[in-house]
Amino acid sequence: MMISSAYTTLFVGASLFRQRNNSFRSLAFCLPFSSAPASLSSDKLSNKKWRQPVFSSLELGGLKITKQDIVKDDPTNNVPDNIFSKLGMQLHRRDQHPLGILKNAIYEYFDTNYSNKFNKFDDLCPIVTLKQNFDDVLVPEDHVSRSYNDTYYIDPQTVLRCHTSAHQAELLRDGYTHFLVTGDVYRRDSIDSTHYPVFHQMEGFRVFVPDEWEASGMDATSFAAAELKKCLEGLARVLFGDVEMRWIDTYFPFTNPSFELEIYFKEKWLEVLGCGVTEQEILKRNGVSNNVSWAFGLGLERLAMVLFDIPDIRLFWSNDERFTSQFSKGQLGVKFKPFSKYPPCYKDISFWINESFTENNLCEVVRGVAGDLAEEVQLIDNFTNKKGMTSHCYRIAYRSMERSLTDEEINDLQWKVRELVQNKLEVVIR
């Protein structure tokens, strides 16, 4: 279960596309156009120097997709340049990266305990239809997660996937009954140490046939729920050791019953994942209505930050060798040693808001100007005057994890933020 408030009813937890009659189909392979070929092994990918590719097009499923296909001058498009630059990075496929190390540890658990029954998909592309992202997993039409404030829209019918569940229906229709899907997902969100507009999820899915639950003497739903909890408690012990656990009843649109797993770790309760028994409607729509299934979703960054003691989510995207050199293939839970002592620089901005103002839109402006130099955007004051006008004051923390920032460059960033906030958000600067 992810932290974003708009997604509290969605799993932490799609695809680009082969073009056919102007439609898009998922399950295409995704690589930067100028990066390594698909035949390059993950070991070789891990040994290459980590650096963000500079490109204006992608090779996706045999098609060359340009930046103009994703970032459009169109009122229905809200994908900024900095989000396009993350497409194809696939941090989860790097064996020496904390996210790749964690993904592989989870894969090993399932291979060991389920005799390699689970098919694994970690290269499905993140551009999907509205139907795949929302309708196929029963997200209501009026759910807040469908809004332009929370989701990146390429056009009215195409989005950057918000969760790896967007691949679920197609995999079921293709006959897969045991699968793990890992990938990058995209959500417009706040700016702080635990939130980033691109992060990584893993979804697990397992289908049971009648013979399996009938032999147990349990009804189908109870059997699937029991098997689900047994599976995920075992996974939690592999990742965190012999910890105390508890199950919390919750709600998701696509499972019933639904649960959250929490563990008692470092003297506090930590939410690990969301899960449940899949709604029969999903199975019925995809040709497996006589069966029962479970599904779970977890956020790799959320768990990796705890397991590796990584204090800031921006570090996962760092190319600094002082970060990347600390991690090795297969070494789960190596504790990160901080190397940055650079101080933050704080700048405030106050303005009268309008009815359409949202904090996510403000954060998009700040990220668009400052990129990963923006450490936090925090509302520190608000009031409404006698005329009914509401003022917000936000404090922006700028900090580089790799060097000291000069007053000149911070002031330049802040002036650009002020200008864009006024022009794009149509607020009145105070």
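So, how was this worked out
Residues numbered from 1 in each chain as written. Predicted model: local features only at pLDDT ≥ 70, side-chain atom pairs only at ≥ 80, totals over all residues. Heavy atoms only, no water. Helix = DSSP H or I, 4+ residues; strand = E, 2+ residues; numbered from the N terminus. Buried < 20%, exposed > 50% of the residue type's maximum accessible area, 1.4 Å probe, protein only. Axes fitted to C-alpha atoms, helices over the stretch in contact; angles between N-to-C directions. Parallel < 35°, antiparallel > 145°, perpendicular 65-115°, else oblique. Left-handed = near helix turned anticlockwise from the far one by under 90°. Contact = heavy atoms within 4.5 Å. Expected span 1.5 Å × (residues − 1). Salt bridge = Lys/Arg side-chain N within 4 Å of Asp/Glu carboxyl O. Pairing = 2+ DSSP bridges. 1 Å grid on protein atoms, 1.4 Å probe; cavity = no way out; pocket = protein on both sides within 12 Å on 5 of 7 lines; lining within 4 Å. Points joined across faces, edges and corners; volume = space filled by probe spheres on them. Nonpolar A, V, L, I, M, F, W, Y, C, P; charged D, E, K, R; others polar.

S.K.: What should I look at first to understand unusual backbone geometry in this one?
M.R.: Most peptide bonds adopt trans geometry, and most residues besides glycine take a negative phi value. At the junction of N256 and P257, the peptide bond is cis and its omega measures out at 5° in the coordinates. Within the secondary structure, P257 sits in strand β13 (residues 255-265). Phi is positive for N116, close to 60°, though the residue is something other than glycine. By the secondary structure assignment, N116 is in the loop between α4 (98-113) and β6 (119-121). Taking the relative accessible area as the measure of exposure, N116 reaches 54% and is therefore exposed. Of note, L138 is a non-glycine position whose phi angle comes to about 65°, a positive value. With respect to the element layout, L138 can be found in the loop between α5 (130-133) and β8 (153-155).

S.K.: Teacher, can you tell me more about the packing of α4 against helix α8 (residues 220-240) here?
M.R.: Packed helices, taken two at a time, are described by their axes: the angle between them and the distance between them. Running from amino to carboxyl end, α4 crosses α8 at an angle of 130°, the nearest separation of the two axes being 10 Å. Our classification of the angle between α4 and α8 gives oblique. Here the hand of the crossing between α4 and α8 comes out right-handed. From α4, L102, A105, I106, Y109 and F110 reach across to α8, where they touch K230, C231, G234, L235, V238 and L239.

S.K.: Looking at this structure, how should I read α8?
M.R.: Along an α-helix, residues three or four positions apart point the same way, because every turn accommodates 3.6 residues. With 21 residues, α8 ought to run about 30 Å at 1.5 Å a step, and its terminal C-alpha atoms sit 30 Å apart, in line with that. Three or more residues of α8 are buried, namely A220, F223, A224, A225, L228, C231, L232, G234, L235, A236, L239 and F240. Positive phi shows up at G241, right after α8, with a value of about 90°.

S.K.: When you look at the pattern of salt bridges in this model, what are you seeing that I'm missing?
M.R.: Side-chain pairing between opposite charges can occur once the charged atoms of the two side chains come close. On inspection of all chains with the given rule, the structure shows 20 salt bridges. The shortest N-O distance in the salt bridge between R161 and D184 comes to 3.0 Å. Here D184 lies in strand β10 (residues 178-186) and R161 lies in the loop between β9 (158-160) and α6 (168-173), a separation of 23 residues in the sequence. Put simply, D412 and K416 hold a salt bridge, and the shortest N to O gap is 3.3 Å.

S.K.: Would you explain the pairing of strand β12 (residues 244-252) in this entry?
M.R.: As a general feature of sheets, a regular strand has side chains that alternate between the two faces. Looking at chain direction, β12 and β13 are connected through eight bridges and run antiparallel. Paired with R246 across the strands is E262, a residue of β13. The turn linking β12 back onto β13 is made up of two residues.

S.K.: Please clarify how the layout of surface pockets should be interpreted in this entry.
M.R.: Regions of empty space are outlined by a rolling probe, equal in size to a water molecule, passed over the atoms. Estimates place the volume of the largest pocket at around 570 Å³. Together, 20 residues line the largest pocket, and N78, P80, R188, E364 and K424 are the ones closest to its centre. Put simply, the parts of the chain that give the lining of the largest pocket at least two residues each are α12 (359-370) and α13 (407-425). Of the residues belonging to the lining of the largest pocket, the class tally is eight nonpolar, five polar and seven charged.

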